[in-house]
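# Topology and contacts: notes
Residue-level listing of the chains:
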Amino acid sequence: MPFWVRLIRFTDEGVKRLRADQQEFLGQTHEKIHSNGGKMVAAFATQGVYDVVSIIETPDQSQMDAIDQALKDQRLYTAKTLPAIPLDTFVKAMSADPNFGIFLESWYSKRSSGSGR
């Protein structure tokens, strides 16, 4: 299943809500992910530009889009969502697939154009 990395910044309302009831806040987030077909693989509090980095697993892009929308509707944080490939899978594909260069060209062009969420 595909993985997605989410870079999250809390809004002022999100910080208030998190301070008021961490368990409810996190429980509702997990429920929205699960009810839209995803699984929270990991989440990390970070210091710096983003407050949280999470890794979500979903069957496909449409389910990740549904999760993004459900969580966005809460207005408790903003997020960038990036598709992610496990590094060992990425390295194996580079050495095994002669057409991998086409994928890399597409990937690099998206990266350099700043596309993403």
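Our structure's up above, just so we're on the same page.
A brief report on the enclosed structure follows. (Residues numbered from 1 in each chain as written. Predicted model: local features only at pLDDT ≥ 70, side-chain atom pairs only at ≥ 80, totals over all residues. Heavy atoms only, no water.)

### Examining the pairing of strand β2 (residues 39–45)
Just so we agree on the cut-off: Note on pairing: two strands pair once DSSP finds at least 2 bridges between them. Secondary structure follows DSSP: runs of H or I at least 4 residues long count as helices, runs of E at least 2 residues long count as strands, and numbering of each begins at the N terminus.
As paired elements, β2 and strand β3 (residues 52–57) share 6 bridges and run antiparallel to each other. Paired with alanine 42 across the strands is isoleucine 55, a residue of β3. Once β2 ends, the chain turns through 6 residues before running back antiparallel as β3, passing glycine 48 with a positive phi of about 140 degrees.

### Considerations on unusual backbone geometry
The line we're drawing: Between buried and exposed lies partly exposed: a residue is buried under 20% and exposed over 50% of the maximum accessible area for its type, with that area taken using a 1.4 Å probe on protein chains only.
Residue arginine 75 is not a glycine yet carries a positive backbone phi of 60 degrees. Within the fold, arginine 75 resides in the loop between α3 (61–72) and β4 (77–84). Note on arginine 75: relative accessible area 68%, which makes it exposed.

### Observations concerning the nonpolar core
Quick reminder of the rule: In this text, buried Ala, Val, Leu, Ile, Met, Phe, Trp, Tyr and Cys residues form a nonpolar core when linked through side-chain atoms within 4.5 Å. Here, residues are in contact when the closest pair of their heavy atoms is within 4.5 Å.
With 12 residues, the main nonpolar core is built from Trp4, Ile8, Phe25, Ile33, Met40, Val52, Ile56, Met64, Ile67, Leu71, Leu76 and Tyr77. Those elements that provide at least two residues to this core are β1 (3–10), α2 (22–35), β3 and α3. Counting residues per element, this core draws most heavily on α3, at 3 residues. If near-sequence neighbours (up to four positions away) are discounted, tryptophan 4 is found in contact with Ser54, Ile55, Ile56, Thr58, Asp60, Gln61, Met64, Thr81, Leu82, Pro83 and Ala84.

### Section: the layout of surface pockets
Rules: The definitions used throughout rest on a 1 Å grid laid over the protein atoms alone, on which a cavity is an enclosed set of points accommodating a 1.4 Å probe that cannot get out and a pocket is an open set flanked by protein within 12 Å on both sides along at least five of seven lines; lining residues are those having an atom within 4 Å of a point. Grid points are joined across faces, edges and corners, and a volume is the space filled by probe spheres set on the points. Three classes are used: nonpolar for Ala, Val, Leu, Ile, Met, Phe, Trp, Tyr, Cys and Pro, charged for Asp, Glu, Lys and Arg, and polar for all others, with Gly counted as polar.
Its boundaries defined by the atoms lining it, the second largest pocket holds a volume of some 230 Å³. Taken together, 18 residues make up the lining of the second largest pocket; nearest its centre are Phe25, Leu26, Met40, Ala43 and Val52. Of all the secondary structure elements, the ones that give two or more residues to the lining of the second largest pocket are β1, α2, β2 and β3. If one sorts the elements of the lining of the second largest pocket by residue count, α2 sits on top with 5 residues. Across the lining of the second largest pocket, the residue classes tally to 14 nonpolar, 3 polar and 1 charged.

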